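# Examining the three-dimensional arrangement
Read off the chains here:
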Amino acid sequence: QVQLVESGGGLVQAGGSLRLSCVVSGIIASPKSVGWYRQAPGKQRELVARIISGGGKNYADSVKGRFTIFRDNAENTVYLHMNSLKPEDTAVYYCNLVLLSSNDNYWGQGTQVTVSS
(Lines give C-alpha, C1' and ligand atoms only; values in the text may rest on other atoms or scores of the structure.)
Protein backbone atom coordinates (compact mmCIF):
# COMPACT_ATOMS: atom_id res chain seq x y z
CA GLN A 1 0.00 0.00 0.00
CA VAL A 2 1.42 3.35 -1.07
CA GLN A 3 1.74 5.89 1.73
CA LEU A 4 2.98 9.46 1.69
CA VAL A 5 3.69 11.19 4.99
CA GLU A 6 4.49 14.89 4.97
CA SER A 7 6.11 17.05 7.60
CA GLY A 8 7.83 20.38 7.95
CA GLY A 9 5.08 22.95 7.54
CA GLY A 10 4.60 25.85 9.91
CA LEU A 11 4.43 29.60 10.35
CA VAL A 12 7.21 31.75 8.95
CA GLN A 13 7.71 35.43 8.22
CA ALA A 14 7.96 36.71 4.68
CA GLY A 15 11.46 36.22 3.36
CA GLY A 16 12.01 33.16 5.50
CA SER A 17 12.59 29.53 4.60
CA LEU A 18 11.03 26.16 5.27
CA ARG A 19 11.77 22.62 4.23
CA LEU A 20 8.98 20.13 3.61
CA SER A 21 9.58 16.39 3.69
CA CYS A 22 7.55 13.55 2.21
CA VAL A 23 8.42 9.99 3.18
CA VAL A 24 7.27 7.50 0.55
CA SER A 25 6.56 3.86 1.33
CA GLY A 26 4.89 0.92 -0.37
CA ILE A 27 6.30 1.29 -3.89
CA ILE A 28 8.66 -1.07 -5.63
CA ALA A 29 9.43 0.57 -8.94
CA SER A 30 10.40 4.15 -9.66
CA PRO A 31 7.24 6.29 -10.01
CA LYS A 32 6.09 8.28 -13.04
CA SER A 33 6.33 11.41 -10.94
CA VAL A 34 6.62 12.56 -7.35
CA GLY A 35 6.19 16.08 -6.16
CA TRP A 36 4.33 18.81 -4.33
CA TYR A 37 1.03 20.56 -4.91
CA ARG A 38 -0.63 23.28 -2.86
CA GLN A 39 -4.11 24.55 -2.24
CA ALA A 40 -4.91 27.97 -0.82
CA PRO A 41 -8.35 28.78 0.61
CA GLY A 42 -10.88 29.28 -2.15
CA LYS A 43 -8.45 28.22 -4.87
CA GLN A 44 -7.82 25.09 -6.88
CA ARG A 45 -4.99 22.75 -6.05
CA GLU A 46 -1.95 23.61 -8.16
CA LEU A 47 1.38 22.07 -9.01
CA VAL A 48 4.35 23.52 -7.13
CA ALA A 49 7.18 21.23 -8.19
CA ARG A 50 7.67 17.65 -9.27
CA ILE A 51 10.31 15.17 -10.36
CA ILE A 52 9.35 13.11 -13.37
CA SER A 53 10.59 9.73 -14.49
CA GLY A 54 14.12 10.16 -15.83
CA GLY A 55 14.95 12.86 -13.32
CA GLY A 56 13.55 15.97 -14.96
CA LYS A 57 12.00 18.63 -12.74
CA ASN A 58 9.02 20.91 -13.29
CA TYR A 59 8.36 24.07 -11.28
CA ALA A 60 5.44 26.48 -11.20
CA ASP A 61 6.49 29.86 -12.59
CA SER A 62 5.59 31.48 -9.29
CA VAL A 63 8.21 29.49 -7.36
CA LYS A 64 11.06 29.25 -9.87
CA GLY A 65 14.30 30.45 -8.36
CA ARG A 66 12.91 30.23 -4.82
CA PHE A 67 11.90 26.58 -4.34
CA THR A 68 13.97 23.47 -4.97
CA ILE A 69 12.73 19.90 -5.07
CA PHE A 70 14.99 16.91 -4.64
CA ARG A 71 14.69 13.25 -3.86
CA ASP A 72 16.82 11.19 -1.52
CA ASN A 73 16.42 7.62 -2.75
CA ALA A 74 18.30 6.16 0.19
CA GLU A 75 15.75 7.68 2.58
CA ASN A 76 12.73 7.30 0.26
CA THR A 77 12.06 10.98 0.90
CA VAL A 78 11.20 13.91 -1.32
CA TYR A 79 12.08 17.36 -0.06
CA LEU A 80 10.87 20.81 -1.00
CA HIS A 81 13.20 23.60 0.04
CA MET A 82 11.34 26.89 0.07
CA ASN A 83 13.29 30.16 0.26
CA SER A 84 12.23 33.79 0.07
CA LEU A 85 8.72 32.86 1.11
CA LYS A 86 5.89 35.24 0.34
CA PRO A 87 2.43 35.60 1.90
CA GLU A 88 0.96 34.25 -1.34
CA ASP A 89 2.78 30.97 -0.71
CA THR A 90 0.40 30.34 2.18
CA ALA A 91 -1.47 27.10 1.51
CA VAL A 92 -1.81 23.48 2.44
CA TYR A 93 0.98 21.61 0.69
CA TYR A 94 0.38 18.05 -0.48
CA CYS A 95 2.83 15.40 -1.54
CA ASN A 96 1.78 13.55 -4.68
CA LEU A 97 2.97 10.39 -6.40
CA VAL A 98 1.87 8.87 -9.70
CA LEU A 99 2.65 5.26 -10.44
CA LEU A 100 4.28 4.51 -13.78
CA SER A 101 2.50 1.18 -14.17
CA SER A 102 -1.08 2.39 -13.66
CA ASN A 103 -1.13 6.21 -13.53
CA ASP A 104 -2.75 5.87 -10.10
CA ASN A 105 -2.46 9.06 -8.02
CA TYR A 106 -1.60 9.06 -4.35
CA TRP A 107 -1.74 11.99 -1.93
CA GLY A 108 -0.39 12.74 1.47
CA GLN A 109 -2.50 14.25 4.23
CA GLY A 110 -1.19 17.76 3.66
CA THR A 111 0.87 20.16 5.75
CA GLN A 112 0.00 23.80 6.39
CA VAL A 113 2.43 26.53 5.40
CA THR A 114 1.60 30.04 6.58
CA VAL A 115 3.70 33.04 5.60
CA SER A 116 3.06 36.24 7.52
CA SER A 117 3.75 39.66 6.07
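Structure's up top.
Cut-off values and rules
- Starting afresh in each chain, residues are numbered from 1 along the sequence in its written order.
- Confidence filtering applies because this is a predicted model: local features only for residues at pLDDT of at least 70, side-chain atom pairs given and counted only at 80 or more, and all residues used for totals across whole chains, interfaces and linings.
- Side-chain metrics rest on all non-hydrogen atoms present in the structure, leaving aside hydrogens and water.
- Throughout, disulfides are identified as pairs of cysteine sulfur atoms within 2.5 Å of each other.
- Counting from the N terminus, the helices are the DSSP runs of H or I reaching at least four residues and the strands are the DSSP runs of E reaching at least two.
- Note on classification: 1.4 Å probe, protein chains only; a residue is buried when its accessible area is under 20% of the maximum for its type, exposed when over 50%, partly exposed between these limits.
- Between any two strands, pairing holds if DSSP finds at least two bridges.
- The nonpolar core is taken to be a set of buried Ala, Val, Leu, Ile, Met, Phe, Trp, Tyr and Cys residues, with the residues joined through side-chain atoms within 4.5 Å.
- Contacts were defined at the residue level, with two residues in contact if any of their heavy atoms lie within 4.5 Å.

## Details of the state of the cysteines
All told, the structure shown has 1 disulfide when counted by the stated rule. Between C22 and C95 runs a disulfide, and the two sulfur atoms are separated by 2.1 Å. One quick way to see it: the torsion about the S-S bond of C22 and C95 is about -85 degrees, and its sign makes the bridge left-handed. Taken together, the positions of C22 in strand β3 (residues 18-25) and C95 in strand β9 (residues 91-98) put the pair 73 residues apart, joining distant regions of the chain.

## A look at the pairing of β9
The buried fraction of β9 is high, at 7 of 8 residues. Sheet analysis places strand β4 (residues 33-39) next to β9, joined by 7 bridges and oriented antiparallel. If you follow W36 over to β9, its bridge partner there is C95. As paired elements, β9 and strand β11 (residues 111-116) share 3 bridges and run antiparallel to each other. Of the residues in β11, the one forming a bridge with A91 is V113. Summarising the sheet, β9 and strand β10 (residues 105-107) pair through 3 bridges and their orientation is antiparallel. Counted as the bridge partner of V98 is N105 from β10. Linkage of β9 to β10, two consecutive antiparallel strands, is achieved through a turn of 6 residues, within which N103 is found at a positive phi near 65 degrees.

## Focus: the nonpolar core
W36, V48, F67, L80, M82 and Y93 are the most contacted members of the largest nonpolar core, which totals 28 residues. Of all the secondary structure elements, the ones that give two or more residues to this core are β3, β4, β5 (46-52), β7 (67-72), β8 (77-82), β9 and β11. Not counting residues up to four positions away in its chain, the partners in contact with M82 are G16, S17, L18, L20, R66, F67, Y93 and V113.

## So, unusual backbone geometry
Of note, N76 is a non-glycine position whose phi angle comes to about 50 degrees, a positive value. Counting through the fold element by element, N76 comes out in the loop between β7 and β8. Judged by relative accessible area, N76 falls into the partly exposed class, the value being 45%.

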